[in-house]
Structures are given as structure tokens and as C-alpha cells.
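# Structural characterization, general
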Amino acid sequence: MNPPSPTPLHHTSARAWAARIAPTRSAALAGLAGLALLTASCGGGGSENVAGGTIAGSMIVLQPSNSTLEAEPNDDVGQAHVIGTISPGETRSVLGAITSAGGDDFDAFRFTATSRVSVALELVTENGTADLDVYILDPVSLQEVERYTTNSASESGVFLADGSFFVVIDAFTGDSAYELRLTATAAPSVIAEVEPNDNGGEAMYLGVLTDAESISLSGSVGGTDAFDRFLVAVPAAGPFSFSLTHGGSGVDFDVRLSDATADFVNPTSIQLFNSGTSPETGMINLGAMTLVELRIEPFALSGPWQLSIQAGAMPRLAALDGPVAALSTAPRGNVDRVNARWRSAGSARSFDAVSTPLWNGDVILSPRSEVDVDMRLASRGGRTAARVPNGPRKVSFELPDNLDDAQRARYTVALAATLAGAEGVEFAEPDYRVFPLFDTRPNDTHYNLQWHYEQIQLPAAWDITRGSSSVRVAVLDTGSTPHPDLAGREIAGIDMISSATIAGDGNGIDNDPFDVGDSNGVQPSSFHGSHVAGTIGAVTDNSTGVAGVTWLGGIMHVRVLGIGGGSTFDILNGILYAAGLANSSNQVPAQAADVINMSLGGSGFSQATQNAVTAARNAGVVIIAAAGNENSSQPSYPAAYDGVVSVAAVDFEGNRAPYSNFHATVDIAAPGGDVSRDRNGDGYADGVLSTKPDDSVNPTNYASYAFYQGTSMAAPHVAGVAALVLAVDPNLTPAQVESILTSTATDLGATGRDNIYGNGLVNAFAAVQAAGGGGGGGSPVLSLASSTVLFSSRSDVARIGVANVGGSSLAVQSVTATTNSGGNWLSAARVTVTGSAATDTSAIDVTVSATSLADGFYSGQIDVQSTGGSATLDVTLVLGAGTGSSNYIVYVLAVDATTFETLAQDEVQTSALSNGYSLPGLDDGDYYIVAGTDEDNDGFICDPGEPLCGLYPSLGLPEVLTISNGTSLTGRNFPLESALLPASVSQGFRRLNHSPEVAR
């Protein structure tokens, strides 16, 4: 009997899976076919067949936090923490702390409003005696255009925004943890003025205006209301026009336009428009990066007015002959004294100084649309200096001559901020200046999301080696793609798929391992090989994308997986090819691989494949494979073959990932992720982030990234570490490399080797240290696997790994938990290790017990003292997320896994979820179980705006359940995610018996 075809051992991210199941609805709904699992309604379905099988289980509502923990350092607008976009109907929350005694003077954040919005701001402090203030900085001049500076412990207010803006939290007195919440609603079509706005510094800020946008305003002026002032940030050069309508006999209002870029308290007048007619109209040409003040001045009488403002970008560089506004060289005026809304005591703070070293005038920009971006660059006086194919570009600007170095840095940050909010731009950031310091923390833009590298002590390993150009890793997978973050790392490989049908490229074996995709028309391609290759060796320290485990060395793609998976015969020949041994292609590489990674697997032992593995290992190749994702004790091949290092997966806390296989052949564990959680509070699911093209768009975006989870993601971590070990000592045999990997692993679970973690979590530092003959010399150095942890439930435990990244032996002397408020809800304890030479503690268990606490946010710290120094773990607890007191109807559906037709349905109240659901009368077949609300009563669950959605066993791990011979499947429990789904995620699942005319 032939074994089943091996398949990639990964799972997609929680959100991404829904976007990968995309059949078309019935003809009547074809126009709504979209990005998610869509189902056609055909009436009652299988629930009427009482003789059929049953699927039953229960559900819980996950309570994820929508908060982001601040990322330090962010005490400089040049290094402001970029939070991302905020859209109408959305709330963004940031949890942070000001500790001025520790040098944390203020915290800067950058947001981007996707359209003109009214933003309700709320700052809540944890320390009731502290006084924190909030400042809003416009992205053009970096001036504080709005302030919230009362003498209370909290601040609130409403301001307008469109495009990018900065929020700065500053301590007036005292230090405190805080929560910053911004809630956006669509700005009204006609914006009413906000008084007072008469004096310099009181102008009402309207946000960014560009690209032929317009703003409509209404108000009144006259009498004691001397003037009405408005500020508009205009980043692009071009015409700026207005039309002011005012009525009534004898009423005459004039309009003055001023350049407020240098100083909005005392702006420089550009032109007064005083025709004496209504409407009063005018137009001027503005230089790029201008903060313009428009002032309505009553010449005669008083009354209401209506105002329209419009700005339009010039598409040609030749049009930029007008003046380019410069940032101020003069000190700020005493804004507090001038503006009655602001604190009357003290002088104004200025936050626009940039201390982060930059290449002034240079911005790194990633476009979504080349045409749109070219126009926007031209209107700002920019030119593309260099670019990565299908990737980011370096843009250079000729800055005004009258700027000193400090102003040039501020101008550069402002350019990046305004471009980041422009249409057609994915991201824009300053080109930071890098110095020849031996700093092993790479500058890749998404490195901060790669929590899995800290977990295996990889940065400390990079202090010893970053890899070797002579070490080659073969990736037996779906093949290669032209991802810009892999350019320069991929070397010649082969397409070993012998079946043209499986290969999908029209032929069999050839020398082109290009991944044509494995889309079956239902879901986009996995591009699994690129994701695996990115973990092993994405181009690192290139200010782009993600980092790889190795910084040097070749990645050889051997394509063995195609449409529907791969064959054992092709895989065993791929092993032989990578090892430089005779194979069915009658070819061998110019240089054999040193390491083979196989993130694939299936059941069934193949003697031919075992023989190939043995031959490759005898030829000097280290072979790594994923242990499997079936949550099973059954062996998965090739991981279970003799001579293969079998890799299980752990989550953020170092616990067994819920899908990871456990078996006697498991040798070691590595990060595989769990996309159903966000335990470190970075705002993203705890998956493994790596390179992954996206062919759900046309043309395919080869420069994208994705969070995946699975033992497929764990295996390349170990393969990369094996390559680092060989970089230290290329003469090591495969047996010696395996021994180093397993003997230096951090023990997890039961003492010694076990079937869940094997010999423990791979420890990159200890492995490369051992490869170099180290392992005892020098002083111990304490390292924690993470510096932050986020809790969102009242009772929970998180495990944070402890490692020694120095010499000798590390002893943890004390672990102390402290809280900043809420009493003693936090505790911590050591997880001790018996007989370890490296450390006496493998982890810290952090426990939250907060049953009596009110909803809110709380913070604390875990201080760890050891013979290798001290470390602090910041702990944040957020209570009150989730569905609150709302009681929803949840529809539980059995969906045919082939036709995507809804065949059975149950209804459960959220107040009674624990009572479970039951879907009886199902015919034999394959099913998905999906559940969610239909609060808009449109007949679909899990579509945009719905508060609850879930898939068995989780959104990130959809699993097909099979009914055969009328069997019953019980205990199929899964969570519902209590987060509003964006429109890009899902078009929904059709429920049964929908009657839209009946209100619920």
C-alpha cells in the first residue's frame, strides 16, 4: 500500500485562513463572491436525517485584548512607535508607562487615519497622583497643534485627523502606567468650528489635506468673536483654494492665508483676500510641506459663514518653483499663555527634536501603486534613488538650503510621516543611519514581531556567529519565489516533481524550482517553501521585512510539493539530490547541501525513503523534519525515520503547541506558534512571521509576509541553528551536530527527554557555544525569552523561558513580583532544572489571580536576580474585553467541506455556551464546523461587523471532521473570537432558515 502523499506541515494565521477559502456563491450572489468561505443555502439540509451522524461540543468566548504594548525607545519623534491605521468605527488602544526617573521622558506614537475622522482621545493613568499630558503633533511641521493638559490624572478630548499624526504622552508631574485610547468616527460632511479660535495658537486643526481633497466648514464670526482660525497640513506642492460664503446686508468677511510651518502661534501672512463680495474666493500655490493657517476676519458686521477648502497636488517636478516652507529656527512662543484652552502655568514643551541618527532627506518607501507613488513623490520634490525589485525604494529629497542639521532631521521625519499616510503607500520611514558597531539586533522592519528568535536565544548566538557563506541548506518544499527578502540567499536548485499534473508547470523534473503555487481555485497558494526559507535565511539587517536565523549561506530549493501535495518517490530523490547522490534526475548540485529541511509529512513508513535518509546522512548531511500537526502520538514521516532530527512545536510560552505531535521519535522542540493568541501584546497573533507571497491579488505580490503556525515553522528554526553550528565548525559530522543540538536544548516538560518536547527547546546560543568548544568559561549571563507578557483573563499562567547566554553556571537567586495597583494579583515562581550545567532554572511561571479586580488595566513587574545579572519582565493585565454583558444568538453550522453548503444548524445563546451545541442527522461526509453571530440579520455569520466568529478547532486551525457509518463525534469544543471582523477578512457563512422580515 502506498503511504498518503506528504503535505506541508503548517497552519495559516487566524485571520488569513478565512481569506484562503473563496468559492463563488450561487449565481444570484456571484457579484458578492469575495475573500472568505462562502456557502450556498439549499434549505433544511441534513438535520432532517435522524439516522445520520452527530457532531457536538461546546464553545467559549475568547477575550483577546485589542491593546498594543508600547515599544521602547519611543522618546523621539524620529523613533515614534508606529501603531498603524485607524478607521471610522475603530478603537486603538496603547498600554505604556512614563518613568522619567529612568530616562523615559515622553512616549511618542504615530497613527494614520485612513480618511478624515473625528478622534475621541482618552488617557487613563494608573497612578492617580500623577499628571500626564497629551499632545497632538501635525505631520508636516511637527508642532503641537492640539493639547490636553488639565491638572487631573486623566485627559480626554476630540480632534480631527486625516493621514498621519503623532500623539505624545508627557509627564507634567509624577510617573505612571497609562492606557491611551483613540476612537475614530467619520467626520461630518460639514465640520462645525470649535471655539475659542481667535488668537495665535488657538487655530482649530483640521488634519492633512492633499490629492484634490476638500473640507467643508461652518461657523460664525463678529462682535467679541474677533477671528476664526484653522490649520491645515499640506504635504504636497500645488494649488490651495478656498471659497467663503457669508450673507446678510452689509456683511463683509475677509480671508487671510498664512504660513504657519515655522510657528503657528505667529504665522507669516501670505495673502489677504478682501474683495468685499460673497463668496470670497482665492487660490495660492503652496510649496511642499506647508502648514497653512486660514483666518476669517470680519471687515463689517457679523454673522454665520460657510467655508470650503481644497488642495490639489502638482504632478510634475517642474511645477515646484514656489517657496518650500522651512521648519522654525526660533524658540516656541509661550503657547500656554496665549491659548486659553491650554494650561496657564509653565512654558510650552517642544517634542520635535530628532536625536535618532538619520540620512537626512532620504526615506524608505514601499508602494502599493507605482503610478500613485510617483505622483506623490513629484509633488514633494522627491526622486527614487534606488529600489528593490517588487519591493521598497529609497527616495531622496532636496531639502531647503536654509535648514540646519536639526531642522533637516525634523523635515525628514515629517516627509516620512506624511508619505506614510498617502494613498498608494504601504509604509514610509526615515532611512536610519547605521554605524559599524557590533550590534547583533538586526534592523529589519518586522524583527520586533519575530518573538520566536528571543525564545531560542538567537541574538546571543549571533554574537558568536551569523553563519557562513560556505554552508548550504536545502529546503525540500513547494519551491522558490522571487521574494525580495530572499534575493541573494537562494542558489541553484531543482524541480524534482516527476508528475506534470502535480507540478502544475506543464512538465516534470527540470532545473527550475519556481513555485507556481498550489491554489486549487478555492484558496490562494501557500507558498510554503518561501515561508520556510525566510525563517532559515531571509536577508537580515537590510532595514526590510524580517530576519532569518542565518545571515549568510545559500538556500537550495528542491521542489517536491505541488498541487495536492507530493509523492514519496519525488521526496526521496530530492533528499538524494540535495546530498549530491545519484537520483532520478541524473543531476547533482555543484556543491551538496550541508543541512536538509523537510517541513512536510504524512503517515506510512517507506523503506526506500529510509534508505535515502541513511545515504544522505552517511554523506555528511544533517536532516531536519517537522514532527507533524495532527495532535497525535502516531509517527509522522519523514520525521520518524532513523537519522532525522524530528522537531515538535511550542507556543510563545514554550508550551506544546496545540497541534504538535508527540511521539518517541521527537528529538527537539522549536517555536511553531499559536495564532489563536497574542500573549506578548504586540497586536498580532503569536504565529511565526516570514516571507510569503500573496497570489490572491493580480499580479502576485511577491514582497508580502504572513504569520503561519505549525511544526513546519518549527523545523526551519532548528535547520538554521544547525547551519550556525556548522559555521562555527564545518568539520562536525551529522551525529555530532545532532548531539550538540539535543544536549544543549533547554529542558521542558518532564525532566530529561520526553515525547512532547524531545530533549527540550533548541538553544541557539548554547549550541554555537558548544560547537566552538565553549560551555563553561566566563561569567554567566541571564536572559529571559521575552520582556513583556499580556494577560486578558482573571486567572492565568504564562511561562517565560530562562537561559544562560554566558559561561559557567547560572543560578537564579530570587524572583519577585510587584504590582503598581490592584493589590497582590501577581505572583511568580521558578521552574527548576535538575542536573543542568548551564542554569538551575529553565523558566519563570507568572501567575495572575485577579478574581476580585474591577474591569480596567493593571501593570506589574517580575524582577529576576541571578548570578548572571538581573532582568525585568513587564506584566500587563487588561480586564473587561470580550462580549461584556451582551447576550448574543450564536449560529453553529455544519458546512460541507467540498461544496461549502450549510447542511445543519444549531442556535445557542452566549449566556449558555457551556451547555454546548449539537448537529445531528448528518450524512456521511466531510464537514467544517463554524459558529458566529448574525446581528445585522443579513443571513450570514462571520461577515464584517459581526462581534463573534469561530471555526473548529480555531480560526487559525480549520479541521475537516469526517462522519462515516453514522458515527457521532462529541467533545468538538472551540473558541469564538470576540473581535469585529474587517471587510477584508470575510464575506460570511450562510445560515439556514433566514427570515429577514422578522426582526430579532
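Now for a quick tour of the structure. Just so it is clear, the structure is predicted and the values come from calculations on it, not from any experiment. (Residues numbered from 1 in each chain as written. Predicted model: local features only at pLDDT ≥ 70, side-chain atom pairs only at ≥ 80, totals over all residues. Heavy atoms only, no water.)

### Describing the sheet that holds strand β41 (residues 826–832)
Formally: A pair of strands is considered paired only if DSSP assigns at least 2 bridges between the two. Counting from the N terminus, the helices are the DSSP runs of H or I reaching at least four residues and the strands are the DSSP runs of E reaching at least two. Axis definition: a line fit to C-alpha positions, over the contact stretch in the case of helices; interaxial angles, taken between N-to-C directions, run 0 to 180 degrees.
Taking strand neighbours across the sheet as the criterion, the four strands line up as β37-β39-β42-β41 in an open arrangement whose pairing is antiparallel. Both edges of this open sheet fall to β37 (782–784) and β41, since each of them pairs with a single strand only. Averaged over all neighbouring strand pairs, the angle between strand axes comes to 25 degrees, with direction disregarded.

### Section: the pattern of salt bridges
Put simply, the rule reads: For salt bridges, the criterion is a side-chain nitrogen of Lys or Arg within 4 Å of an Asp or Glu carboxyl oxygen. To sort residues, take the accessible area from a 1.4 Å probe on protein chains only and compare it with the maximum for the residue type: under 20% means buried, over 50% means exposed, and anything in between is partly exposed.
In this structure the tally under the stated criterion is 17 salt bridges. Here Arg181 and Glu179 are joined by a salt bridge, their closest N and O atoms 2.7 Å apart. What makes Arg181 partly exposed here is its relative accessible area of 24%. Judged by relative accessible area, Glu179 falls into the buried class, the value being 9%. Between Glu297 and Arg256 there is a salt bridge; the shortest N-O distance is 2.8 Å. Of this pair, Glu297 sits in strand β21 (residues 290–300) while Arg256 sits in strand β18 (residues 252–259), and the two are 41 residues apart along the sequence. Side by side, Glu297 and Arg256 carry an identical accessibility label, which is buried. Linked by salt bridges that have partners in common, Arg116, Asp162 and Glu213 make up one network.

### A look at the environment of Asn629
The test is simple: In protein, a polar contact means a hydrogen-donor-capable atom and an acceptor-capable atom, both N or O and within 3.5 Å, with residues adjacent in sequence counting only if both atoms are side-chain atoms; elsewhere, any N or O pair within 3.5 Å suffices.
If you trace the backbone, Asn629 turns up in the loop between β32 (622–626) and β33 (645–650). The buried category is assigned to Asn629, whose relative accessible area is 12%. The sequence separation of Asn629 and Gly602 amounts to 27 residues, and the corresponding C-alpha distance is 9.9 Å. A polar side-chain atom of Asn629 sits 2.8 Å from a polar atom in the side chain of Thr711.

### Points about the packing of aromatic side chains
The description of an aromatic ring pair uses the distance of the two centres, along with the angle that the planes make with each other. Inclusion rule: In summary, the pairing rule links any two rings of Phe, Tyr or Trp, Trp by its six-membered ring, whose centres are within 6.5 Å, and it sorts them by plane angle into stacked for under 30 degrees, edge-to-face for over 60 and tilted for everything else. Sitting over a ring, as applied to charges here, requires NZ of Lys or CZ of Arg to be within 6 Å of the ring centre and within 35 degrees of the ring normal.
According to the stated counting rule, one finds 13 aromatic pairs in the structure shown. Plain terms: the ring middles of Phe605 and Tyr641 are 5.5 Å apart, the flat faces sit at 65 degrees to each other, and that makes the pair edge-to-face. Of this pair, Phe605 sits in the loop between β31 (600–601) and α10 (607–618) while Tyr641 sits in the loop between β32 and β33, and the two are 36 residues apart along the sequence. A relative accessible area of 44% places Phe605 in the partly exposed class. If you follow Arg295 out to its NZ or CZ, it ends over the ring of Phe227, 4.5 Å from the centre. Positioned above the aromatic ring of Tyr891, the side-chain terminus of Arg991 is 4.3 Å from the ring centre.

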